[in-house]
Amino acid sequence: MTKLHASKTWLALLVVPAFALLCQTLAYAAVPRACTLQTTLLLHALSIGALLGCLAPTLLAGSEWRRLGDGAEAAGTLDSDAAAPAVRQRFLAALATGMGALFTLLVAAQWFAAWVLSPCLQ
């Protein structure tokens, strides 16, 4: 596995949860300003940025998982107990895709809350 292919997996494993946490932190910090201005545009902009920032690495990890799955028949399956590097790399890519999808869904759920709730709600 080259460094470029490995970085696709690690981006989804490390960057996507960090983006989700950063989005939540910045959204909490932006709520008083949004309430003062009586607009939720800042909250929506943060959510869109975080959603795109989470979605891109997740799609990259998914493409890496599919790429590694093409040669999986020869190396074993995802459930295989084999210690082959291809099996480990494919498992790591599958894990990264799943984690990326979970945190992308979390950011989307936080964005839904920004649509439904007023920033001045206490």
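Residues numbered from 1 in each chain as written. Predicted model: local features only at pLDDT ≥ 70, side-chain atom pairs only at ≥ 80, totals over all residues. Heavy atoms only, no water.

Of regular secondary structure, the protein chain possesses 4 helices and 0 strands. Listed N to C, the secondary structure of the protein chain is α-α-α-α in terms of helices and strands. Among the 122 residues that make up the protein chain, the fraction classed as buried is 31%. Look at the contacts in the protein chain between residues 6 or more apart in sequence, and 80% of them connect residues 24 or more apart. Counting only carbon and sulfur atoms, one obtains 72% of the accessible surface of the protein chain, whose full area is about 7500 Å². (Helix = DSSP H or I, 4+ residues; strand = E, 2+ residues; numbered from the N terminus. Buried < 20%, exposed > 50% of the residue type's maximum accessible area, 1.4 Å probe, protein only. Contact = heavy atoms within 4.5 Å. Areas by Shrake-Rupley, 256 points an atom, 1.4 Å probe, with all protein chains shown as cover.)

With that settled, consider the state of the cysteines. Here the structure, examined in full by the defined rule, presents 1 disulfide. Covalently, C35 is tied to C120 through a disulfide, its sulfur atoms 2.1 Å apart. On the S-S bond that ties C35 to C120, the torsion sits near 120 degrees, and the link is right-handed. With C35 in helix α1 (residues 3-37) and C120 in the segment after α4 (85-116), the pair connects residues that are 85 residues apart, well separated along the chain. For C120, a relative accessible area of 27% puts it in the partly exposed group. (Disulfide = S-S within 2.5 Å.)

Counted according to the given criterion, the structure contains 1 aromatic pair. Ring geometry for W111 and W115: centres 6.3 Å apart, planes at 40 degrees, overall tilted. Remark: W115 and W111 occur in helix α4; sequence separation between them is 4 residues, near one turn of the helix. (Phe/Tyr/Trp six-rings, centres within 6.5 Å; stacked < 30°, edge-to-face > 60°.)

Enumeration over the complete set of coordinates arrives at 1 salt bridge. Residue R67 is joined to E64 by a salt bridge in which the shortest nitrogen-to-oxygen separation is 2.7 Å. Here the residue R67 and the residue E64 both occupy positions in helix α2 (residues 41-69), the gap between them amounting to 3 residues, near one helical turn. By relative accessible area, which is 37% here, R67 ends up partly exposed. (Salt bridge = Lys/Arg side-chain N within 4 Å of Asp/Glu carboxyl O.)

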